[in-house]
Amino acid sequence: MNTIDYLRISLIDKCNFRCQYCMPEEQELNYLLSEDILTKKELLTLLKKVFIPLGFTKFRLTGGEPLLRPDLVDIIAEINNLSATQDLSLTTNGYLLVNQAQSLYDAGLKRINISLDSLNQDTFDQIIGNHGKSRWHQTWLGIQRAYDVGFNPLKLNVVIIPGVNDSEVLDLAQLTINKNWHVRFIEFMPIGNGQLFTEKAWIPSEEIRQKIRAKWGLEESNIRGNGPADVFKIPNAKGTLGFISQMSECFCDRCNRLRLSADGWLRPCLLNETGQVNLKEALRTGKNINFIQKKVQDLLLLKPEINFKERESGTDNIYSRTMSQIGG
């Protein structure tokens, strides 16, 4: 196993989109009450007194949609000011970036991932579960705005769903040729919308690479991020193409992360719920920080077992939380 030094922090479970692969369209979601979500003070206490002393230096803010969190800018500024912070990033659907990109950048956020599953307005609105006014244009403007204020390079996350947006692979890949944009193709997973996954299944990353290779050629890139993507580039392109292949090419041996949900559950593996620890409950019931730190340390020791031996058995392929509730 790699050194575990990367924490994905979900700040909120609510989202202004209902993407097909994240939340089943007809499912009634019981969103957390505000008092059930970790406060900024609780989150910073955990970072300063638990995670950083255990060697965590890289943090990604997620949701739901993190731009819906009212104190997001303050959270970014405070985490950025921690001396141990080596990397701070955020994942968003981009819809609110037009008005917020500058303040996020000024607070110290320098890396951002934006979900963009289609360049076609109708397909985009279909994927995000929109039934009213199209949200494509404002999202695209948000992406442009983020790049303009200084998020360079810019990362775009694309979940490929067979029969929905797989015909756009080349169009999306082409975005990397003339701009320093990094497109990440992500294999569709069974978490979030099991019925859709059963109906549509997934496309292996190698099949997507072959399409791109046949059009332009494809070479390995010397750029490596903090995540599990295998990175390539179109020859002479300014940006890169990443492939996150959790279904076809297991990368458990490279996993360096834990996930903290908005309500304080610490999870060792996206695909496995074994060993979760309720850190919010521990804080609010007055548990000693040393006790909490030991709980997290024990989970770190357990993580290799979960990643390798129990990857397929921890949940019997039934997930009690959607992707938005886990934090992606």
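Quick note: structure is the one above.
Given the structure is predicted, the values throughout are model-derived calculations rather than measurements.

**Remarks on the pattern of salt bridges**
One pass over the structure, following the stated rule, counts eight salt bridges. Of the charged contacts in the structure, one is a salt bridge between Asp87 and Arg111, with a shortest N-O distance of 2.7 Å. Taken together, the positions of Asp87 in strand β3 (residues 87-92) and Arg111 in strand β4 (residues 111-115) put the pair 24 residues apart, joining distant regions of the chain. Classification of Arg111 as partly exposed rests on a relative accessible area of 21%. For Glu206, the salt bridge goes to Arg209, with nearest N and O atoms at 2.9 Å. Residue Glu206 and its partner Arg209 are located together in helix α8 (residues 205-216), separated by three residues, close to a single helical turn. The class for Glu206 is partly exposed, based on a relative accessible area of 30%. A residue is classified by how much of its surface remains accessible, and Arg209, at 6% relative accessible area, is buried. Taken together, the shared-partner salt bridges connect Glu206, Arg209 and Arg213 into one network.

**As for the side chain of Ser89**
Its location among the elements puts Ser89 in strand β3. A residue is classified by how much of its surface remains accessible, and Ser89, at 0% relative accessible area, is buried.

**Overview of the state of the cysteines**
All told, the structure shown has zero disulfides when counted by the stated rule. Not part of a disulfide, Cys19 finds its nearest cysteine sulfur in Cys15, a span of 6.2 Å. With relative accessibility at 12%, the residue Cys19 sits in the buried group. With no disulfide of its own, Cys255 lies closest to Cys269 among cysteine sulfurs, the gap being 6.7 Å. Since its relative accessible area comes to 12%, Cys255 is described here as buried.

Cut-offs and rules
Residues numbered from 1 in each chain as written. Predicted model: local features only at pLDDT ≥ 70, side-chain atom pairs only at ≥ 80, totals over all residues. Heavy atoms only, no water. Salt bridge = Lys/Arg side-chain N within 4 Å of Asp/Glu carboxyl O. Helix = DSSP H or I, 4+ residues; strand = E, 2+ residues; numbered from the N terminus. Buried < 20%, exposed > 50% of the residue type's maximum accessible area, 1.4 Å probe, protein only. Disulfide = S-S within 2.5 Å.

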